[in-house]
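Chain and residue survey
Okay, here's what each chain looks like letter by letter:
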Amino acid sequence: MADAVERFEEAARALGSAVAVRRFPEGTRTAADAAAAIGCGVGQIVKSLVFVGDGGAFLALTSGSNRADPARLALLLGDTSPVRKATAEEAREATGFAIGGTPPFGHPRHLRVFVDRDLMAHPGVWAAAGTPDSVFPISPQDLLRLSGGHVVDLKVEG
Ligand code: 5CA
């Protein structure tokens, strides 16, 4: 099986983007781990969170310093029932990658994507590149374009 980073790099290339992946042996599994390894603010880490609503799985690209609010996400979708976090198995099925390494785009099938407005305030952000030890830098504008996402207010306030 091809390394998941190679799969992601190939998928990014197919979208017309050359990503510069960096690997950290100490691990980047969580936003805090990634920020510590990179030496950036945790708010600059993109959490690629898979949720499940009435219409199936979708993605909430959430700043590392925020929590995604399931009630807000349900409102954005127009769902009547609350959304829930995907199980590890559902997340892999939806994105083709395991939790902890889920990239924000380059998935085998189309997923609806919401982008946390707070990510747009940074000159650059970092996201997972397929594995729990890989990340790549990207501008928020390119993140938006390549993910096909929509900027929304999705965080838990307060
Ligand atoms: N590599 C880092 C930052 S680039 C990363 O992928 N972070 S993350 O936040 O996008 O992925 C971890 C998230 O996966 C956790 O915040 C949590 O929401 C979710 N998660 C972790 N373990 C499980 C699990 N067993 N089942 C469902 N979701 C999980």
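Residues numbered from 1 in each chain as written. Predicted model: local features only at pLDDT ≥ 70, side-chain atom pairs only at ≥ 80, totals over all residues. Heavy atoms only, no water.

Focus on the pairing of strand β2 (residues 45-53)
Most of β2 is tucked away, with eight of its nine residues classed as buried. Where β2 and strand β6 (residues 125-128) come together, two bridges link them in parallel fashion. The residue of β6 that forms the bridge with I45 is W126. As paired elements, β2 and strand β3 (residues 56-63) share eight bridges and run antiparallel to each other. Bridging from a neighbouring strand, S48 pairs with L61 of β3. Turn length for the β2-β3 hairpin, with the two strands adjacent in sequence and antiparallel, is two residues. Both β2 and strand β4 (residues 84-85) contribute to a ladder of two bridges, which runs antiparallel. By the bridge assignment for β4, F51 is matched with K85. (Buried < 20%, exposed > 50% of the residue type's maximum accessible area, 1.4 Å probe, protein only. Helix = DSSP H or I, 4+ residues; strand = E, 2+ residues; numbered from the N terminus. Pairing = 2+ DSSP bridges.)

Concerning the packing of aromatic side chains
One pass over the structure, following the stated rule, counts five aromatic pairs. Between F8 and F105 the ring centres are 5.5 Å apart and the planes differ by 45°, which places this aromatic pair in the tilted class. Here F8 is found in helix α1 (residues 4-14), whereas its partner F105 is found in the loop between α4 (88-95) and β5 (112-116), with 97 residues between them in sequence. Of the two residues, F8 and F105, neither departs from the other in class, the shared state being buried. Summarising the aromatic geometry, the rings of F105 and F136 are spaced 5.8 Å apart at their centres and angled 80° between planes, so their arrangement reads as edge-to-face. (Phe/Tyr/Trp six-rings, centres within 6.5 Å; stacked < 30°, edge-to-face > 60°.)

Quick look at the nonpolar core
Membership of the largest hydrophobic core comes to 25 residues, with the highest contact counts inside it found for F8, L61, F105, F136 and L143. Of all the elements in the fold, those that place two or more residues in this core are α1, β2, β3, α4, β5, β6, β7 (134-138) and α5 (140-147). Those residues in contact with F105, other than ones at most four positions away along the chain, are F8, A12, L15, V19, F136, I138, L143, L146 and S147. Ranked by size, the runner-up nonpolar core spans 11 residues in total, among them L49, A68, F114 and L154. (Core = buried A, V, L, I, M, F, W, Y, C linked by side-chain atoms within 4.5 Å. Contact = heavy atoms within 4.5 Å.)

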